[in-house]
Amino acid sequence: MKANDNKRIVAVGVGGAGARMIDRIIANRTEGVEFIAVDTDWQSLKLCKACKRLYIGRRDTKGTEISTVTDSVRGEEAALLHAGEISEVLDGAAMVFILCGLGGSIGSGAAWVVAKLAKEQGIFTAAIVTRPFAFEDAIRLTNAKQGFRHIEEEADSVTVIPNDSALRGAKWEDSIWEALKKTDEIIAQMVGQIARFRNQVGLIILTLQDLQWIMKGAGPTYIGIGESGAEDLIKEAVPKAVQSVWQDIRICGADRALVFIEGDISLMDLQEASIHIESLAGEDAEVFLGLNWMQSDRCMVMVIASGIEKYQTSRLWGRDV
């Protein structure tokens, strides 16, 4: 096993939706992340812009074509069959993002295997997954719930983005592709901002170790990002960060939280933002604050909260999974 240098960050897109998320992150010119796509569909996989693409749809030793998987069980089998190859590309990473759309065969079946293989190497692993639209069939929702249960057992943290959140503010003429693009964009922002911790230079530094303290073994995790003009930090950016329209849970009741603020902000704004966010978390919550001061007419606030109370996490699926 390679030595963990606490620098290598890997994002693994599993299945067609995961590969699409990888392409969106790459399009945002995210730096400091190595991109890997894993899928059973070679035709789709070869279109992905990831630097490494693992085709797990090859024939197994019994001659069965895995690329024709039709359920999450077959996705699991495909990933287990190629476990050695997956482990090899993860070897030596300090952090692994696992990105997928739950509900289909590969994301629901194979993503948790990737998380398990990372866990076996002692790698800090954060999963960011999407939940099917409410109007999709019951089979996909069942697959998604099962996939979530498995990923939650293996990954350090899991953040769920409901596809339904893309419907908020959508127009009648918007296509399904435009809706999915919106969820991909928010996931790209999450990965991009978290990855910036490694290269951060600021007044109050946060490290990858701080991030691990917040998210390691955290289970369901809230990640909110708010942006605004520099003068509207408190009125716009902070509310967007703590009340994300992209998630069904909030930071209330959290026992750990990380707040990262970037932009040209005043000392008083920083204090007010910090006090406001701390008041929303649990009474005894430990809150880490990071600041990257820079001359800009925009500011960004990211909040990551874990240890969310059980009554909140049940909202991920409308009831306990």
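So, here's what we can say about the structure. Note that the structure is a prediction, hence the values are computed from the model and not measured. The written sequence of each chain sets the order in which its residues are numbered from 1. pLDDT decides what is reported in this predicted model: residues at 70 or higher carry local features, side-chain atom pairs at 80 or more are listed and counted, and totals for whole chains, interfaces and linings draw on all residues regardless. Derived side-chain values reflect all non-hydrogen atoms in the structure, with water molecules and hydrogen atoms excluded from consideration.

## Quick word on the packing of aromatic side chains
Put simply, the rule reads: We call Phe, Tyr and Trp rings a pair once their centres come within 6.5 Å, taking the six-membered ring for Trp, and we label the pair stacked below 30 degrees between planes, edge-to-face above 60, and tilted otherwise. Secondary structure counts use DSSP, requiring at least four H or I residues in a row for a helix and at least two E residues in a row for a strand, with both numbered from the N terminus. Only lysine NZ and arginine CZ atoms are considered, and such an atom sits over a ring when it is within 6 Å of the ring centre and within 35 degrees of the ring normal.
The full count for this structure, using the stated rule, is three aromatic pairs. Judged by centre distance (4.8 Å) and plane angle (10°), the rings of Phe-133 and Phe-135 are stacked. Ring geometry for Trp-213 and Phe-288: centres 5.4 Å apart, planes at 35°, overall tilted. Note that Trp-213 is positioned in helix α8 (residues 208–215) and Phe-288 in strand β10 (residues 286–293), a separation of 75 residues in sequence. The ring centre of Trp-213 lies 5.8 Å from the NZ or CZ of Arg-256, which sits over that ring.

## Topic: the pairing of strand β4 (residues 95–101)
The following threshold applies: Relative accessibility thresholds used throughout: buried, under 20% of the residue-type maximum; exposed, over 50%; partly exposed, between the two (1.4 Å probe, protein chains only). A strand pair is defined by DSSP finding two or more bridges across the two strands. With strands facing away from the observer, any crossover in which the path from the first strand over the helix to the second runs clockwise is taken as right-handed.
With respect to burial, β4 is a largely interior element, seven of its seven residues being buried. Of the two faces of β4, both are covered, the one formed by Met-95, Phe-97, Leu-99 and Gly-101 as well as the one formed by Val-96, Ile-98 and Cys-100. In this structure, strand β1 (residues 9–14) lies alongside β4, joined through six bridges in parallel fashion. Paired with Val-10 across the bridge in β4 is Val-96. Where β4 and strand β5 (residues 124–131) come together, seven bridges link them in parallel fashion. Across the sheet, Leu-99 pairs through a bridge with Ile-128, a residue of β5. Following the chain from β4 across helix α5 (residues 105–120) to the adjacent parallel β5, one finds a crossover that is right-handed.

## With respect to the side chain of Glu-262
Rules: Pairs of N or O atoms are called polar contacts if they sit within 3.5 Å, as long as, within protein, a hydrogen donor faces a hydrogen acceptor (for residues adjacent in sequence, only side-chain-to-side-chain pairs). Any two residues having at least one pair of non-hydrogen atoms within 4.5 Å are treated as being in contact.
In this fold, Glu-262 is placed in strand β9 (residues 256–263). We classify Glu-262 as buried; its relative accessible area is 8%. Looking at Glu-262, its side chain comes within polar contact range of the side chain of Asn-292, at 2.7 Å. Once residues lying within four places of it in the same chain are set aside, the contact partners of Glu-262 are Arg-196, Asn-292, Met-294, Arg-298, Cys-299 and Met-300.

## A few points about the packing of helix α1 (residues 15–27) against helix α7 (residues 176–195)
Where we set the bar: Under this scheme, a helix contributes an axis fitted over its contacting stretch, all axes are lines through C-alpha atoms, and angles between N-to-C directions fall in the 0 to 180 degree range. Here a crossing is called left-handed whenever its near helix is offset anticlockwise from the far helix by less than a right angle, and right-handed whenever the offset is clockwise. The classification used treats Ala, Val, Leu, Ile, Met, Phe, Trp, Tyr, Cys and Pro as nonpolar, Asp, Glu, Lys and Arg as charged, and all other residues, Gly among them, as polar.
Close contact between α1 and α7 brings their axes to 9 Å; oriented N to C, the two are set at 60°. Read as a crossing pair, α1 and α7 show a hand that is right-handed. Residues Arg-20, Met-21, Arg-24 and Ile-25 of α1 lie in contact with α7, whose contacting residues are Trp-177, Leu-180, Lys-181, Asp-184, Glu-185, Ile-187, Ala-188 and Val-191. Residues that form the contact of α1 with α7 fall into these classes: seven nonpolar, no polar and five charged.

## Remarks on α5
Each α-helix winds once per 3.6 residues, and so residues spaced three or four apart point in a common direction. Here is the rule we go by: One less than the residue count of a helix, multiplied by 1.5 Å, gives the span that helix is expected to have. The quantity called bend is, for any residue, the angle between two axes fitted respectively to the seven residues ending at it and the seven beginning at it.
An ideal rise of 1.5 Å per residue puts 22 Å on 16 residues; α5 measures up with 23 Å between its terminal C-alpha atoms. At Ala-111, α5 shows its largest kink, close to 25°. Judged by how many residues are buried, α5 sits mostly within the fold: 13 of 16 residues are covered. Downstream of α5 by a residue or two, Gly-122 has a phi angle that is positive, lying close to 75°.

## Brief notes about the nonpolar core
What counts is decided by this rule: Residues belong to one nonpolar core when they are buried, are Ala, Val, Leu, Ile, Met, Phe, Trp, Tyr or Cys, and are joined through side-chain atoms within 4.5 Å.
Counting residues in each nonpolar core, the largest one holds 46 residues, and the members touching the most others are Met-95, Phe-97, Leu-99, Ile-128, Ile-194, Leu-211 and Ile-304. Broken down by element, the residue count for this core peaks at nine residues, all from α7. Those residues in contact with Ile-194, other than ones at most four positions away along the chain, are Met-95, Phe-97, Leu-211, Ile-223, Met-302 and Ile-304. Among the nonpolar cores identified, the runner-up in size contains 36 residues, and Val-89, Val-113, Ile-123 and Phe-148 belong to it.

## Quick word on the pattern of salt bridges
We count it as follows: Salt bridges are defined by distance alone: a side-chain nitrogen of Lys or Arg within 4 Å of a carboxyl oxygen of Asp or Glu.
This model, assessed by the stated rule, comprises 10 salt bridges. The shortest N-O distance in the salt bridge between Arg-24 and Glu-185 comes to 3.7 Å. Separated by 161 residues along the polypeptide, Arg-24 in helix α1 and Glu-185 in helix α7 bring together distant segments of the chain. Glu-185 sits in the partly exposed class, given a relative accessible area of 27%. With a shortest N-O distance of 2.6 Å, Lys-116 and Glu-120 are connected by a salt bridge. Taken as a pair, Lys-116 and Glu-120 lie in helix α5 at a separation of four residues, close to a single helical turn. A residue is classified by how much of its surface remains accessible, and Lys-116, at 29% relative accessible area, is partly exposed. Taken together, the shared-partner salt bridges connect Arg-8, Glu-34 and Lys-52 into one network.

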